[in-house]
There are 2 protein chains.
Amino acid sequence: MTLRLHIENSRLSSPLAHIDNKHVERALERNPATGRELEVTIGNDGDILDSALLTADLMISSWPPRTGLRDRAPRLRWIQTTSAGVDHLLPFDWLPADIMLTNNSGPHGAKCEEFCLMALVALANRLPSFIDQQRGHLWSSIFTVPIKGKCCVIVGFGDLGQAAGRACKKLDVRVSAITRSGNPEALADAVLPSHRIDEALPEADFVIVTAPLTPATRNIISRERLALLPVTAGLVNVSRSPLVDYSALIEMLNQGRLAGAILDVHEPEPLPPDSDLWATRNLVVTPHVSCDDPRYADMLLDSWFENFTRLLHGQPLRNLVDRVRGY
Amino acid sequence: MTLRLHIENSRLSSPLAHIDNKHVERALERNPATGRELEVTIGNDGDILDSALLTADLMISSWPPRTGLRDRAPRLRWIQTTSAGVDHLLPFDWLPADIMLTNNSGPHGAKCEEFCLMALVALANRLPSFIDQQRGHLWSSIFTVPIKGKCCVIVGFGDLGQAAGRACKKLDVRVSAITRSGNPEALADAVLPSHRIDEALPEADFVIVTAPLTPATRNIISRERLALLPVTAGLVNVSRSPLVDYSALIEMLNQGRLAGAILDVHEPEPLPPDSDLWATRNLVVTPHVSCDDPRYADMLLDSWFENFTRLLHGQPLRNLVDRVRGY
């Protein structure tokens, strides 16, 4: 029996996640056996959405329709998002109980590990200060000890957090992971449940924020928690902006109460020209590139086909979003 | 028999290399046996130089007197520089044949490896472009593939070059080393003798310059050789500025004919405020910090004591400068 997959592109998503005919053709060539079971339609910003939904069994979209979905898509049973984060779809009251939602966790690991490696060494070596000095044509050497043995608090320990953990291990940096459960993690020297995060922050040389954005994690790095960090600490955010109080962070960086920060995620994106972040002292702004590979659409389709094979064999899907936890 | 060591500090040297009484006292405590054989004097910018030289057997100084040295220092037999590079003392016509000269090669490795690791990932991830964009409050994402499998040409493969090589291996980057002899090196996937460097440059994703500055290496990365690099390549210099044609590099970076550069060494230092380097596109300027640890003076004295023990036991000294090769 042939299944119908509708791929819905949205201009609200990253251009990297835009899937076109070529991506689909190549993915079908790489997956000939399961590809034979599929009929694929591609829509952009709703152009053929309603007619496609009438017969779609499966959907790839980061912005699925959230009103009357069951009626509009009577056969739909699985939605795959193109992003790892699904915070933009919360709460899940729009999602019928018999439709599975999977996120695109996984393909961000290699890039995220590299970005965290760079960010850790850049912060340890005071690169953000040197960039500020360069802007002012100023020369003032700051010498730093090797990074080995320093401590990194990693907030969240899913795919991105573990990538950050691998970066730490390559640098002989100790990992203090903050997770929901506080259960042991192979890559972490210590794990604390999130309600005990305040115990970890005063010991941090670095904080890397990787947790998904949910009502429970919003503002987890609040003004009060930023104040717990040593003045020599540096902060990295590769997940979502609202996890960290950026207003407080800007103040602390400008006052020299933190050594530096590297922020890859912002709200809104693109960051507007009048944002205070651009000119904050000891802060490096990157345009949401930390965890993304230009081959993103191909990688997404490959992992989708793996999951599709599971579906055909009656096995449980990977990356199923938990409706209660919200990620 | 007690030997007399004169330590001569110079304001021409890095402040890190300034050795004071406290450094000496701590080093003597760490080396009690050999310390008993020593009498130490410390001078600054020539204040007690002539009287100290009259009786000195040993000297630590990056700026030893280069006129009439044999007459002024009749017992002197060993000079230790505080720097790894000795290019500022070339040619060695001032150095009596019976005075040994050793450089401070070695303690720069750990920091150099970290800096190269950061520089490679920063170039691979287009960080210099993002820094330029930040200066102009501009948001434009550039997505890049993981660094694994890319190729780094390392020019010179001594202590710093091997540190760069270790950084490459941590990132799964292939190493193409350029050395005087072209003999195999454990850390290098390929080694070419320096006269064949033109064969390596067109394949380079990155070039890291680590060679000592000598008449043979001056301008080794010339305008013509920079033109051999792919437009996607990035360049790092952690050794000495005159190894690379910075004027040509500035032109190429501003014209987008190279992806980026990270330059830690300059001439003169401090880099003057009107230097064109400060505002060159896709260029990060750091103030000669790549390979230096704030514990530099202690590390220097420890490695000096190791060598001193060799001297007392009649063993050959490490880090002896070759008068012909000039490093």
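The structure under discussion appears in the preceding block.
Cut-offs applied
- Residues numbered from 1 in each chain as written.
- Chains lettered and ligands numbered in written order.
- Predicted model: local features only at pLDDT ≥ 70, side-chain atom pairs only at ≥ 80, totals over all residues.
- Heavy atoms only, no water.
- Helix = DSSP H or I, 4+ residues; strand = E, 2+ residues; numbered from the N terminus.
- Rg over C-alpha atoms; globule rule 2.2 N^0.38 Å.
- Buried < 20%, exposed > 50% of the residue type's maximum accessible area, 1.4 Å probe, protein only.
- Areas by Shrake-Rupley, 256 points an atom, 1.4 Å probe, with all protein chains shown as cover.
- Axes fitted to C-alpha atoms, helices over the stretch in contact; angles between N-to-C directions.
- Parallel < 35°, antiparallel > 145°, perpendicular 65-115°, else oblique.
- Left-handed = near helix turned anticlockwise from the far one by under 90°.
- Contact = heavy atoms within 4.5 Å.
- Nonpolar A, V, L, I, M, F, W, Y, C, P; charged D, E, K, R; others polar.
- Buried area = accessible area lost by both parts, 1.4 Å probe.
- Salt bridge = Lys/Arg side-chain N within 4 Å of Asp/Glu carboxyl O.
- Least-squares fit on C-alpha atoms with pLDDT ≥ 70 in both.
- Pairing = 2+ DSSP bridges.
- Core = buried A, V, L, I, M, F, W, Y, C linked by side-chain atoms within 4.5 Å.

Trainee: Where do I start with the overall build of chain A in this structure?
Mentor: Scanning chain A from terminus to terminus reveals eleven helices and twelve strands. Over its C-alpha trace chain A gives a radius of gyration of 21 Å, about what one expects of a compact globule, namely 20 Å for 327 residues. Oriented by its inertia axes, the alpha-carbon framework of chain A measures out at about 65 × 45 × 35 Å. Per-residue burial over chain A gives 57% buried out of 327 residues. Summing over all exposed atoms, chain A offers an accessible surface of approximately 13500 Å²; the carbon and sulfur share of this is 51%.

Trainee: What is the right way to read the packing of helix H1 (residues 21-30) of chain A against helix H11 (residues 296-312) of chain A from this model?
Mentor: Helix-helix packing is described using two parameters, namely the angle between the two axes and the distance between the axes. Residue and element names in this part refer to chain A. Packing of H1 against H11 leaves a shortest axis separation of 10 Å and a crossing angle of 40 degrees. The orientation of H1 relative to H11 falls into the category oblique. Both H1 and H11 take part in a crossing whose hand is right-handed. Of H11, the residues touching H1 (which contributes His23, Val24, Arg26, Ala27, Leu28 and Arg30) are Ala297, Asp298, Leu301, Asp302 and Phe305. Here the residues of the contact of H1 with H11 sort into six nonpolar, one polar and four charged.

Trainee: Sorry if this is basic, but what is going on with the environment of His195 of chain B here?
Mentor: Residue and element names in this part refer to chain B. Inspection of the secondary structure puts His195 in the loop between strand E8 (190-193) and helix H8 (197-200). The class of His195 is exposed, set by a relative accessible area of 65%. In sequence terms His195 and Lys148 are 47 residues apart; their C-alpha atoms lie 28 Å from each other.

Trainee: Before we go on, may I ask you to explain the interface of chain A and chain B in this structure?
Mentor: Put simply, an interface is often sized by how much accessible area is lost when its parts join up. Residue-level contacts link 49 residues of chain A with 49 residues of chain B. Roughly 4500 Å² of surface becomes buried between chain A and chain B when both sides are summed, with 70% attributable to carbon and sulfur atoms. Ranking the residues of chain A by area buried against chain B places Gln134, Trp139 and Phe143 of chain A at the top, with a combined share of 20%. Along the contact surface separating chain A from chain B lie zero salt bridges. Every element with two or more residues in the side of chain A that touches chain B is listed here: helix H5 (109-124), helix H6 (127-135) and strand E12 (283-285) of chain A. For the side of chain A that touches chain B, the leading source of residues is H5 of chain A, giving seven residues.

Trainee: I keep staring at the relation of the copies chain A and chain B and nothing clicks. Help me out?
Mentor: Superposition of the two copies of the chain requires a rotation about an axis together with a shift along that axis. For these two chains of identical sequence, chain A goes onto chain B by a turn of 180 degrees and a shift of 0.0 Å along the axis, with RMSD 0.1 Å. Taken together, the rotation angle and the small translation identify this as a two-fold axis. The position closest to the rotation axis in chain A is occupied by the C-alpha of Met118 of chain A, lying 2.5 Å away. A share of 100% of the interface residues of chain A reappears at the interface of chain B, consistent with the copies meeting face to face through the same patch.

Trainee: Any chance you could explain helix H6 (residues 127-135) of chain B here in plain terms?
Mentor: Residues spaced three or four apart along an α-helix point in a common direction, a consequence of the helix completing one turn every 3.6 residues. By the criterion of burial, H6 of chain B is predominantly enclosed, with eight of the nine residues buried. For H6 of chain B, every residue scored as buried is listed here: Leu127, Pro128, Ser129, Phe130, Ile131, Asp132, Gln133 and Gln134 of chain B. Buried residues along H6 of chain B sit in contact with H5, H6 and E12 of chain A together with helix H5 (109-124) and strand E12 (283-285) of chain B. Directly beyond the C-terminal end of H6 of chain B, a positive phi value near 55 degrees is found at His137 of chain B.

Trainee: How should the sheet that holds strand E7 (residues 174-179) of chain B be read in this particular structure?
Mentor: Picture the strands of a sheet paired through backbone hydrogen bonds; they go either parallel or antiparallel. Residues and elements named next belong to chain B. Taken together, the seven strands give an open sheet; going across it, the order is E8-E7-E6-E9-E10-E11-E12, and neighbouring strands pair in parallel fashion. Where the open sheet ends on each side, the last strands, each with one partner, are E8 and E12. The sheet shows a mean angle of 15 degrees between the axes of neighbouring strands, direction not considered. Where strand E11 (residues 260-263) meets E12, three bridges bridge the pair, whose relative direction is parallel. Looking at E12, one finds that Ile262 is bridged to Val284. Lying on the sheet, helix H10 (residues 246-254) is in contact with strand E10 (234-237), E11 and E12; it crosses E11 at an angle near 145 degrees.

Trainee: Which parts of the structure should I look at to understand the nonpolar core?
Mentor: One broad trend across soluble globular proteins is that nonpolar side chains are buried collectively. One finds Leu120, Cys152 and Leu171 of chain A together with Leu120, Cys152 and Leu171 of chain B to be the most contacted residues of the largest nonpolar core, which totals 70 residues. If sequence neighbours within four positions are ignored, Cys152 of chain B has contacts with Leu120, Cys168, Val173, Arg174, Val175, Ser176, Phe206 and Ile208 of chain B.

Trainee: What am I meant to see in the packing of H5 of chain A against helix H7 (residues 159-170) of chain A here?
Mentor: Residues and elements named next belong to chain A. For the pair H5 and H7, interaxial distance at closest approach is 8 Å and the crossing angle is 50 degrees. Comparing the axis directions of H5 and H7 gives the class oblique. As for the relative orientation of H5 and H7, their crossing is right-handed in sense. For the pair H5 and H7, contact is made by Gly109, Cys112, Glu113, Cys116, Leu117 and Leu120 and by Leu160, Ala163, Ala164, Arg166, Ala167, Cys168 and Lys170, respectively. Partitioned by chemical class, the residues of the contact of H5 with H7 number nine nonpolar, one polar and three charged.

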